[in-house]
Amino acid sequence: MLDLIFWVLLYVVFPLSCGGLIALPLWLRRKIMIGNVIGSVVIALIMVVLVMRAYGNFVGDQDACRQSNYESVVCNQDSMDVIYTMFGLVGVSWLDVFGLFALSGVVEDSQRRRNINPDMF
């Protein structure tokens, strides 16, 4: 169970929090779109690193399999699992980007309520 919590934190919470923390100063200066773009780029870069890490693990396992003359435990894994993992990571990154947009909407709404001009009434 702790292993699942760790992977959820790594793949969902970490990219979203990094993108949000980098975009937050721009959101507070009411540059919402620029903050969203920069935060999305940060999320994309983190997810590219995580995808390359998963691919590197797969290549390392295949190398260990070849070196052990196909008698290792890692030789039984299917190569389609890696493809499904990579597509899953891409899907999670899209969810992170949508979460970032929702977070920017919350920040923009709170900024709008804080900066109400009395002359508007």
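Structure: above.
Residues numbered from 1 in each chain as written. Predicted model: local features only at pLDDT ≥ 70, side-chain atom pairs only at ≥ 80, totals over all residues. Heavy atoms only, no water.

*Asks:* Can you walk me through the overall build of the protein in this structure?
*Replies:* Regarding its fold elements, the protein presents three helices and zero strands. Secondary structure elements in the protein, listed N-terminal to C-terminal, are α-α-α. For the protein, whose C-alpha radius of gyration is 20 Å, the value lies well above the compact-globule estimate of 14 Å for 121 residues. Structurally, the protein occupies a C-alpha span of about 80 × 30 × 20 Å along its principal axes. When each of the 121 residues of the protein is scored for burial, the buried share is 26%. In the protein, the share of contacts with a sequence separation of at least 24, taken over all contacts with a separation of at least 6, comes to 74%. Distance between charge centres in the protein, computed from 8 positive and 10 negative side chains, equals 19 Å. (Helix = DSSP H or I, 4+ residues; strand = E, 2+ residues; numbered from the N terminus. Rg over C-alpha atoms; globule rule 2.2 N^0.38 Å. Buried < 20%, exposed > 50% of the residue type's maximum accessible area, 1.4 Å probe, protein only. Contact = heavy atoms within 4.5 Å. Lys, Arg positive; Asp, Glu negative; His and termini not counted. Charge placed at Lys NZ, Arg CZ, Asp CG, Glu CD.)

*Asks:* What am I meant to see in unusual backbone geometry here?
*Replies:* With the exception of glycine, most residues fall at negative phi, and the peptide bonds are largely trans. Even without a glycine there, the phi angle at R30 is positive, about 65°. Classification of R30 as partly exposed rests on a relative accessible area of 46%.

*Asks:* Help me understand the side chain of D96, please; the structure alone is not making it clear to me.
*Replies:* By secondary structure assignment, the location of D96 is in helix 3 (residues 79-114). Although D96 is buried, it forms no salt bridge, and the closest oppositely charged side chain is R53 at an N-O distance of 14 Å. In this view, D96 contacts Y11, V12, P15, L16, I43 and M47; residues no more than four positions away in its chain are not counted. (Salt bridge = Lys/Arg side-chain N within 4 Å of Asp/Glu carboxyl O.)

*Asks:* How should the packing of helix 2 (residues 32-67) against helix 3 be read in this particular structure?
*Replies:* The relative placement of two packed helices comes down to the angle between their axes together with the axis-to-axis distance. In contact at an axis separation of 10 Å, helix 2 and helix 3 are set at 160° when each is read in the N-to-C sense. With respect to each other, helix 2 and helix 3 are oriented roughly antiparallel. As helix 2 packs across helix 3, the resulting crossing turns out to be right-handed. Across from I32, N36, G39, S40, I43, M47, L50, V51, A54, Y55 and F58 in helix 2, the residues of helix 3 making contact are S79, V82, M86, L89, V92, S93, D96, V97, L100, F101, S104 and E108. (Axes fitted to C-alpha atoms, helices over the stretch in contact; angles between N-to-C directions. Parallel < 35°, antiparallel > 145°, perpendicular 65-115°, else oblique. Left-handed = near helix turned anticlockwise from the far one by under 90°.)

*Asks:* Would you mind showing me how to read the nonpolar core here?
*Replies:* Nonpolar side chains in soluble globular proteins generally cluster together in the buried interior. If you look at the biggest cluster of nonpolar residues, it comprises 19 residues, and the most contacted ones within it are W27, I43, I46, M47, L50 and L89. Per-element tally for this core: the top contributor is helix 2, with nine residues. Setting aside residues up to four positions removed in sequence, I43 forms contacts with P15, L16, G19, S93, D96, V97 and L100. (Core = buried A, V, L, I, M, F, W, Y, C linked by side-chain atoms within 4.5 Å.)

*Asks:* Just checking my understanding: could you explain helix 2 for this structure?
*Replies:* Since the α-helix packs 3.6 residues into each turn, any two residues three or four apart lie on the same face. Across its 36 residues, helix 2 extends 52 Å between first and last C-alpha, which sits within 8% of the 52 Å expected from 1.5 Å per residue. Where helix 2 ends, the next residue or the one after it, N69, has phi of about 55°, a positive value. (Expected span 1.5 Å × (residues − 1).)

*Asks:* When you look at the packing of helix 1 (residues 2-28) against helix 3 in this model, what are you seeing that I'm missing?
*Replies:* Packing of helix 1 against helix 3 leaves a shortest axis separation of 9 Å and a crossing angle of 35°. At the point where helix 1 passes helix 3, the crossing takes the right-handed sense. Across from Y11, V12, P15, L16, G19, G20, L24, W27 and L28 in helix 1, the residues of helix 3 making contact are L89, V92, D96, G99, L100, L103, S104, V107 and Q111. The class makeup of the residues in the contact of helix 1 with helix 3 is 12 nonpolar, five polar and one charged. (Nonpolar A, V, L, I, M, F, W, Y, C, P; charged D, E, K, R; others polar.)

*Asks:* Honestly, the packing of aromatic side chains in this entry has me stumped. Any pointers?
*Replies:* Given two aromatic rings, their pairing is described by the distance between the two centres and the angle made by the two planes. Enumeration over the complete set of coordinates arrives at three aromatic pairs. Between F6 and W7, the aromatic rings sit 5.0 Å apart at their centres with planes inclined by 70°, giving edge-to-face as the arrangement. With relative accessibility at 45%, the residue F6 sits in the partly exposed group. On the basis of an interplanar angle of 15° and a centroid distance of 5.6 Å, the ring pair of W7 and Y11 is categorised as stacked. (Phe/Tyr/Trp six-rings, centres within 6.5 Å; stacked < 30°, edge-to-face > 60°.)

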